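One-letter residues, chain by chain:
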Amino acid sequence: MSENLVIVESPAKAKTIERFLGSDYLVTSSMGHIRDLEKKDFGIDIENNFQPKYIVSPDKKKIVTELKKQAKAARTVWIASDEDREGEAIAWHLQQVLKLDPAKTKRIVFHEITKDAILKAIENPRPINVNLVNAQQARRVLDRIVGFEVSPVLWKKVKPSLSAGRVQSVAVRLIVEREREIINFNSQSNYRVSAIFLVPGENGNVTELKAELNKRFETKGEAQAFLEKCRTAEFSIADIVKKPSKRTPAAPFITSTLQQEASRKLGFSVSQTMAVAQRLYEAGKITYMRTDSVNLSGLAINTAKSKIIALHGEEYLKTRQYKTKAKGAQEAHEAIRPTYIDQEEVDGSAQEKRLYELIWKRTIASQMSDAKLERTTVSIKISNTTELFQATGEIIKFDGFLRVYMESTDHEDENSNGNGKALLPPVEVNQQLRTNLIEATERFTQKPPRYTEASLVKKLEEQGIGRPSTYAPIITTVQNRGYVVKEDRPGVDRDFTQLTLTDNEISVKTKTEVTGTEKSKLFPTDVGMVVNDFLIKYFDKIMDLNFTAKVEVEFDEIAIGGRAWNEMIGQFYKPFHQNVENALEVSERAKGERHLGTDPATELPVYVKIGRYGPLAQLGEVTEDGEKPKFASLRSGQHLETITLEEALELFKLPRELGEYENKKVTVAIGRFGPYVRHDSKFVSLEKNVDDPYTVGLDRAIELIEAKREKDRKALIKTFDQEPELRILEGRWGPYISYKKKNYKIPKGTEAEKLELADCMKIIEEGPKPKKGRKK
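Residues numbered from 1 in each chain as written. Predicted model: local features only at pLDDT ≥ 70, side-chain atom pairs only at ≥ 80, totals over all residues. Heavy atoms only, no water.

Engineer: Describe in detail the overall build of the protein chain, supporting the description with residues and values.
Structural biologist: Each helix and strand counted, the protein chain has 20 helices and 28 strands in total. Its C-alpha atoms give the protein chain principal-axis dimensions of roughly 100 × 85 × 65 Å. For the protein chain, the residues scored as buried account for 49% of the 776 residues in total. Across the protein chain, contacts joining residues at least 24 apart in sequence account for 71% of those joining residues at least 6 apart. With 124 positive and 115 negative side-chain charges, the protein chain shows a separation of 4 Å between the mean positions of the two kinds. (Helix = DSSP H or I, 4+ residues; strand = E, 2+ residues; numbered from the N terminus. Buried < 20%, exposed > 50% of the residue type's maximum accessible area, 1.4 Å probe, protein only. Contact = heavy atoms within 4.5 Å. Lys, Arg positive; Asp, Glu negative; His and termini not counted. Charge placed at Lys NZ, Arg CZ, Asp CG, Glu CD.)

Engineer: Mind laying out the packing of aromatic side chains, listing which residues take part and the relevant values?
Structural biologist: Applying the stated criterion across every chain, the model contains 13 aromatic pairs. Measuring from ring centre to ring centre gives 4.9 Å for F572 and F576, while their planes differ by 20°; the resulting arrangement is stacked. Remark: F576 and F572 occur in helix α17 (residues 565-586); sequence separation between them is four residues, near one turn of the helix. There is no split in this pair, since F572 and F576 are both buried. (Phe/Tyr/Trp six-rings, centres within 6.5 Å; stacked < 30°, edge-to-face > 60°.)

Engineer: Break down the sheet that holds strand β19 (residues 614-619) for me, with residues and values.
Structural biologist: Across a sheet, paired strands are connected by hydrogen bonds in the backbone, their directions being either parallel or antiparallel. A sheet is described by the order of its strands in space; here four strands give the open sequence β17-β18-β19-β20, paired in antiparallel fashion. With one partner strand each, in any of the chains shown, β17 (594-598) and β20 (630-633) form the two edges of the open sheet. Going from strand to strand, the sheet's axes swing by 25° on average, the running direction of each strand aside. Here β19 runs beside β20; their pairing, made up of four bridges, is antiparallel. (Pairing = 2+ DSSP bridges. Axes fitted to C-alpha atoms, helices over the stretch in contact; angles between N-to-C directions.)

Engineer: Account for helix α10 (residues 270-282), naming residues and giving values.
Structural biologist: An ideal rise of 1.5 Å per residue puts 18 Å on 13 residues; α10 measures up with 18 Å between its terminal C-alpha atoms. Along α10, the residues classified as buried are V270, T273, M274, V276, A277, Q278, L280, Y281 and E282. On its buried face, α10 is in contact with α1 (11-18), α9 (255-266), α12 (350-365), α13 (453-463) and α14 (471-480). Backbone geometry just downstream of α10 places G284 in the positive-phi region, at approximately 80°. (Expected span 1.5 Å × (residues − 1).)

Engineer: Let's hear about the packing of helix α7 (residues 166-183) against helix α15 (residues 526-538): which residues, and what values?
Structural biologist: Interaxial distance between α7 and α15 falls to 10 Å at its minimum, and their mutual angle equals 110°. It follows from the interaxial angle that α7 and α15 lie roughly perpendicular. Taken as a pair, α7 and α15 cross one another with a handedness that is left-handed. Touching S169, V172, R173, V176, E179 and R180 of α7 are G528, M529, N532, D533, L535 and I536, all from α15. Classifying every residue of the contact of α7 with α15 by side-chain character gives five nonpolar, three polar and four charged. (Parallel < 35°, antiparallel > 145°, perpendicular 65-115°, else oblique. Left-handed = near helix turned anticlockwise from the far one by under 90°. Nonpolar A, V, L, I, M, F, W, Y, C, P; charged D, E, K, R; others polar.)

Engineer: Account for the environment of T255, with residues named and values stated.
Structural biologist: Its location among the elements puts T255 in helix α9. With a relative accessible area of 0%, T255 lands in the buried category. In this structure the C-alpha to C-alpha distance between T255 and S23, which are 232 residues apart in sequence, comes to 35 Å. Ignoring any residue separated from it by four or fewer positions in sequence, one finds T255 in contact with M274, M289, R290, T291, I336 and P468.

Engineer: Give me the lowdown on the pattern of salt bridges, citing residues and values where you can.
Structural biologist: This structure, assessed with the given rule, holds 54 salt bridges. The salt bridge partner of R180 is D533, with a shortest N-O separation of 2.8 Å. Here D533 lies in helix α15 and R180 lies in helix α7, a separation of 353 residues in the sequence. On the basis of relative accessibility, which here comes to 22%, the residue R180 falls in the partly exposed class. On the basis of relative accessible area, D533 is assigned to the partly exposed category, the value being 34%. With a closest N to O distance of 2.8 Å, R700 and D691 form a salt bridge. By relative accessible area, D691 is classed as buried at 13%. (Salt bridge = Lys/Arg side-chain N within 4 Å of Asp/Glu carboxyl O.)

Spelled out as structure tokens, the structure:
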């Protein structure tokens, strides 16, 4: 047994560390099971001052026993979990569960997995930081209390199997509020006027000068009146203004900015970014990826300096030390950067290579010179009106850091003049210009943009909600719980008017454009909106953005020893628990119900609401005669808050009779597992994303019926006249026996075609017995 036992989280991290340590060190990656103790097998003893309690499952007991054995045999146990609060808490849990001797237990931390960093950590061990442990403990306990106490309220008052979370519920609130802003948004139109002027050059060539009017018109009539003036107007250069400007590189990556840029530039989801970054970190290629510090070490800056001079020259170098803006920055003590900055590329998967390149470029660019630009604004006066046309151009005098990297933005302004780098032709003040064309185009005010994963992370960070280690779990959790979906949605056609003045004639055209196309955006589900409204009504404190941000500040105070964690939890718990009791007593069942109107044909009321299996429409009500209402599930893309009476009534047209085939009725309907065709007491599923149950015709239904028959014929291997209910079939995972509505697996290596009835009965008799149902 080795004299030194080093315990880390994952096999990949263990493998990398092993390369740098000799045979005196045994590196084990069994800490994942201890992490489960901190995350999954973790309860709260409320009566005992909120102390944690563990239920170690049998599969983990074996691992814990093995770790205890290894620790007992080692002279020194080195706990090398991550250097954030969660890592510190895991180290503490490890010490408690394994009952490690403090005299021979040492805590080491490093923010990069390199030989120098690991050896330096071993030379400078430290005790477990109990303040960091307590801060993580407080977060875990508070989140458990909110989840354990609020979730049962949702089960009773909204829908079974729902859950609530302290931070996740606030994230859902942001998405729901943005969606309602969009639903209630009324777009206003105006007219933007642009012109193309012709500028003669010295060599006789004519160059185009594009400009935009410094005013917008609210109506078509105003725009047309302006173009009428332009028919007789003269145009000349009124003013030319040149201003130098500069652009400064963005700071090195922290967790949130890496997630945002990877989303914009690489199309990665937040969880995907963190998974790839984790692999790069564990392989020793980048520094620790959960951090809100933009600081770079002196060694990193010097290495970047040498690389920049070698690649681009001295004039491209400008070293900087950035300061962290986030209050209470508390994770790692350095930004995310390559461990070896002189390496432009690394081995690995395509995703790892792309993310590493992004991190490398951002790090290098942060130590490069500012870009120097010159912005020119040309004002063009109109002889018979006070408005001005303006043309703006920008040239790069010195590219600086732009040679390597430019930061992206979340939203491009559809009304902007391209990329702002257009070169302007040489002109002089008072120079006369000739017009090629002038256009007045109807434009529309834009609705607030829906959140992407990246922009939601940015919003959470701005509001002080969550910390680097929590952004990805927050976004993943709200999607997994069915409160939010991330998807693409098609746009809709929109007509707009365009007036054009050319050759002294004004023409008017109506054109069509597609608007509202969404790509990888976050949308609240109907269940998410109903749950959000219920929580705001009865648990307004935990849904308050300021309260959530205030709690993060309190965690920061605990982390530096400024506050006792169980005292903070105690102050929260008593009024919160009373709030839960009151909500159970006084709250009404929340269904998100809307009365849409009355069905003209039956004169019955029509509602939409949340049912046991999701959003649905209801036609009629329970009557004294025992008549029950009809129900129909909402279709994909329909929502409780926006569906109309006409759309809801369409849902009740199913089941729909299509006609007859082989003298038997063919109907189409929607069941628990989706839309289907029924014929001769048999069911055939409609093809997903191809067939619409509301429009599918008899010919297509017959085609599906025959395709299913052909598939069944090919699946049939053998039947027996003596036992018609027994069939040997070809299934998705190989041949099997179907008998009396039960399936039996045929042993591997058996030729199904050669089986006789007696062989089949033997397989059935020896097959697994059905499990007894669990008692309630």
